[in-house]
Amino acid sequence: MLRLILVPAFVALMLGNGGYDPAWRSFAWAAFAIAMITDLFDGHLARTYNLVTDFGKIADPIADKAIMGRR
């Protein structure tokens, strides 16, 4: 869920102050890094404890594609 919340924050930070301000881009990088770390942590927990949910099957790929900006 945290990654889904971080996607709009990441986009807003990337576009903050016209998208060229190094400070805003640094904050965007931090939001992206947090999102990727939570993805790593989530994947590790799911594999270690065999935790597969219907919500996770749907939300995880959506969050991954949204944060990476891919179809």
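Before reading further, recall that the structure is shown in the block above.
First, a word on what this report is: a plain description of the structure on this page. (Residues numbered from 1 in each chain as written. Predicted model: local features only at pLDDT ≥ 70, side-chain atom pairs only at ≥ 80, totals over all residues. Heavy atoms only, no water.)

1. Looking at the packing of aromatic side chains
Between two aromatic rings, the relevant description is the distance of the centres plus the angle of the planes.
Logical step 1: Summed over all chains, the structure comprises two aromatic pairs.
Logical step 2: Pairing Phe10 with Phe32 gives two aromatic rings, centres 5.6 Å apart and planes at 40 degrees, and the pair type is tilted. With Phe10 in helix 1 (residues 2-15) and Phe32 in helix 2 (residues 22-48), this pair connects stretches of sequence that are 22 residues apart.
Logical step 3: Classification of Phe32 by relative accessible area gives partly exposed; the value is 25%. (Phe/Tyr/Trp six-rings, centres within 6.5 Å; stacked < 30°, edge-to-face > 60°. Helix = DSSP H or I, 4+ residues; strand = E, 2+ residues; numbered from the N terminus. Buried < 20%, exposed > 50% of the residue type's maximum accessible area, 1.4 Å probe, protein only.)

2. Describing the side chain of Arg3
Logical step 1: Following the sequence through the fold, Arg3 ends up in helix 1.
Logical step 2: Under the relative-accessibility criterion, Arg3 is labelled buried at 9%.
Logical step 3: At a separation of 2.3 Å, a polar atom in the side chain of Arg3 contacts the side chain of Asp60.
Logical step 4: In this structure, Arg3 is in contact with Ala35, Thr38, Asp39, Asp42, Asp60, Ala63 and Asp64, ignoring residues within four places of it in sequence. (Polar contact = N/O pair within 3.5 Å; in protein donor to acceptor, adjacent residues only side chain to side chain. Contact = heavy atoms within 4.5 Å.)

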